[in-house]
Amino acid sequence: MAVLVTGGAGYIGSHTIVELLNAGEEVIVLDNLSNSSVESLARVKTITGKGVKFYQGDILDKPLLVTLFSENQIESVIHFAGLKAVGESVAQPLRYYTNNVTGTIVLCEVMAHFDVKNLVFSSSATVYGDPASLPILESFPTSATNPYGQSKLTVEHILADLAHSDPSWNIACLRYFNPVGAHKSGLIGEDPNDIPNNLMPFIAQVAIGKREKLMVFGNDYATHDGTGVRDYIHVVDLALGHLKALDKLKTDCGFVTYNLGTGVGYSVLDMVQAFEKAAQKSISYEVVARRPGDIGACYADPTKARAELNWTATHNLEDMVNSSWKWQSMNPNGYKD
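All figures in this text were calculated on a predicted structure; none of them were measured in a lab.

## Focus: the UniProt feature "domain: NAD(P)-binding" (unreviewed entry) in the chain
Point 1. Feature annotation in UniProt places "domain: NAD(P)-binding" (unreviewed entry) on residues 4-322, given in this structure's numbering.
Point 2. In residues 4-322, helix accounts for 40% and strand for 18%; the two terminal C-alpha atoms are 31 Å from one another.

Pasting the structure below:
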């Protein structure tokens with residue numbers, strides 16, 4: 001029996017596949033390579049000594065999904081395949097709703113047809129909108145300040161309704177905070193196809209000389225230095241959280257949600273300074289206007305995941321920036337090298 005990983009060639013997907021293979025799981029990957037590279041899967045094989053079965057295609061392609069499920073004995077699905085840039089979602093809302101919402105519906109329809117009803121969904125802390133207080137608990141009210149967050153929240157509502165309608169479904173929604181870092185080998189990491197939407201790869205590209213300077217979006221937030229504060233979590237910790245969630249599905253848990261974060265917030269400038277120490281060079285930056293849809297501060301209370309999944313983040317900020325710099329310095333052009 002295999003685990004299907006949609007979006008498995010991407011940043012979080014590739015790191016999760018490493019942990020799945022190391023745990024002895026058989027892995028099937030579906031990815032349209034819109035923001036990923038098949039080279040990541042070759043690197044996964046180098047790291048683990050094990051390969052995966054790869055289908056290039058889209059979760060919106062129902063006939064392809066039917067073929068995939070027909071050809072493989074799939075027990076559970078980890079669903080990463082989604083567009084994820086806040087600013088882009090504001091400019092292209094229909095694209096985000098089509099891919100993230102309709103794509104998930106198509107996937108679940110095919111899963112139901114083949115009686116595969118174990119799903120780990122890649123959600124996001126953006127579903128909390130602009131929280132009234134910190135740290136953020138899973139019980140907090142949900143809302144969204146941008147179409148990306150709204151698409152994730154809509155999928156959560158759909159999955160909750162699905163599990164309510166049919167108790168044989170077991171679904172874990174993992175609300176990530178801000179994944180950063182890379183595998184300790186330096187062989188896989190975050191490799192955005194265009195201008196990075198996330199902070200860490202942008203800092204890394206400035207450090208390696210690919211970009212002139214970092215744009216800091218706003219320095220007038222109510223934080224210790226005025227720049228946005230986020231809960232950064234090492235991607236390997238995040239990957240291991242998915243394995244813990246798969247274990248949870250085996251307990252007939254129904255529909256459950258978990259925060260995956262460290263519970264510690266760092267500002268943009270905190271991250272810049274930590275990266276400067278790791279790379280031993282200065283990072284040029286310019287403060288510009290706030291981005292639409294951004295909030296001032298966001299960090300998790302990860303108590304529930306610790307109690308119910310037996311999961312906790314173990315990597316610290318130094319691990320995050322050191323592994324990011326190792327990945328970037330070994331792969332200046334990402335997987336294109």
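## Let's talk about the packing of helix H7 (residues 199-208) against helix H9 (residues 268-279)
Point 1. Closest axis-to-axis distance for the H7/H9 pair is 11 Å, and the angle between their directions is 40°. Classified by the angle their axes make, H7 and H9 are oblique. In this structure, H7 meets H9 at a crossing whose hand is right-handed. Between H7 and H9, the residues in contact are Leu199, Met200, Ile203, Ala204 and Ala207 and Val268, Met271, Val272, Phe275 and Ala279, respectively.
Point 2. Looking at the contact of H7 with H9 residue by residue, the class counts come to 10 nonpolar, no polar and no charged.

## Notes on the pairing of strand S4 (residues 74-79)
Point 1. A large share of S4 lies buried, amounting to 5 of its 6 residues.
Point 2. Pairing analysis gives 3 bridges linking S4 to strand S5 (residues 118-124), with the strands arranged parallel. Its bridge partner lying in S5, histidine 79 is registered against phenylalanine 121.

## Here's the deal with the layout of surface pockets
Point 1. Its volume calculated, the second largest pocket comes out at about 160 Å³.
Point 2. Lining the second largest pocket are Val3, Leu20, Ala23, Glu25, Glu75, Ser76, Asn118, Leu243, Leu246, Asp247, Leu249 and Lys250.
Point 3. Contributions of two or more residues to the lining of the second largest pocket are made by S4 and helix H8 (235-249).
Point 4. A per-element tally of the lining of the second largest pocket places H8 first, with 4 residues.
Point 5. Here the lining of the second largest pocket is composed, by residue class, of 6 nonpolar, 2 polar and 4 charged.

## Some points on unusual backbone geometry
Point 1. In the segment running from leucine 134 into proline 135, the intervening peptide bond is cis, with an omega of -5°.
Point 2. Position of proline 135 relative to the elements: it lies in the loop between S5 and helix H6 (147-165).
Point 3. In this structure, aspartate 115 is a non-glycine residue whose phi angle is positive, near 55°.
Point 4. Looking at where aspartate 115 falls in the secondary structure, it is placed in the loop between helix H5 (93-113) and S5.
Point 5. Positive phi is not limited to glycine here, since glutamine 280 has a value of about 55°.
Point 6. Inspection of the secondary structure puts glutamine 280 in the loop between H9 and strand S13 (285-288).
Point 7. For glutamine 280, a relative accessible area of 74% translates into the label exposed.

## Quick look at empty space enclosed by the protein
Point 1. Taken as a whole, this structure holds 2 cavities of 30 Å³ or more when the rule is applied.
Point 2. Here the largest cavity is characterised by a volume of approximately 70 Å³.
Point 3. Among the elements of the structure, H7 and helix H11 (317-330) are those that each provide at least two residues to the lining of the largest cavity.
Point 4. Split into classes, the residues belonging to the lining of the largest cavity amount to 6 nonpolar, 3 polar and 1 charged.
Point 5. The calculated volume of the second largest cavity comes to roughly 40 Å³.
Point 6. Lining the second largest cavity are His79, Phe80, Ala81, Gly82, Asn100, Thr104, Phe121, Ser122, Lys152 and Val155.
Point 7. At the level of elements, H5, S5 and H6 are the ones that each hand at least two residues to the lining of the second largest cavity.

## Re the sheet that holds strand S11 (residues 255-260)
Sheet strands associate in pairs through backbone hydrogen bonding, adopting either a parallel or an antiparallel arrangement.
Point 1. Taken in spatial order, the 7 strands line up as S3-S2-S1-S4-S5-S6-S11 in an open sheet, and their pairing is parallel. Only two strands of the sheet have a single partner each, and these edge strands are strand S3 (53-56) and S11. This sheet shows a mean twist of 20° between the axes of neighbouring strands, independent of strand direction.
Point 2. Where strand S1 (residues 2-6) meets strand S2 (residues 26-31), 5 bridges bridge the pair, whose relative direction is parallel. Bridge pairing in S2 places valine 5 opposite valine 29.
Point 3. Across the sheet, H6 lies against S5, strand S6 (170-176) and S11, angled at about 155° from S5, the strand it touches most.

## A few points about H6
Point 1. Relative to the 27 Å expected for 19 residues at 1.5 Å per residue, H6 spans 27 Å between its end C-alpha atoms, a close match to the ideal helical length.
Point 2. Residues of H6 that are buried: Pro147, Tyr148, Gly149, Ser151, Lys152, Leu153, Val155, Glu156, Leu159 and Ala163.
Point 3. Measuring from the side-chain oxygen of the N-cap residue of H6 to the backbone nitrogen of tyrosine 148 gives 3.3 Å; that N-cap residue is asparagine 146.

Rules and cut-offs
Residues numbered from 1 in each chain as written. Predicted model: local features only at pLDDT ≥ 70, side-chain atom pairs only at ≥ 80, totals over all residues. Heavy atoms only, no water. UniProt positions renumbered as here; feature names shortened; annotations may be inferred. Helix = DSSP H or I, 4+ residues; strand = E, 2+ residues; numbered from the N terminus. Axes fitted to C-alpha atoms, helices over the stretch in contact; angles between N-to-C directions. Parallel < 35°, antiparallel > 145°, perpendicular 65-115°, else oblique. Left-handed = near helix turned anticlockwise from the far one by under 90°. Contact = heavy atoms within 4.5 Å. Nonpolar A, V, L, I, M, F, W, Y, C, P; charged D, E, K, R; others polar. Buried < 20%, exposed > 50% of the residue type's maximum accessible area, 1.4 Å probe, protein only. Pairing = 2+ DSSP bridges. 1 Å grid on protein atoms, 1.4 Å probe; cavity = no way out; pocket = protein on both sides within 12 Å on 5 of 7 lines; lining within 4 Å. Points joined across faces, edges and corners; volume = space filled by probe spheres on them. Expected span 1.5 Å × (residues − 1). Polar contact = N/O pair within 3.5 Å; in protein donor to acceptor, adjacent residues only side chain to side chain.

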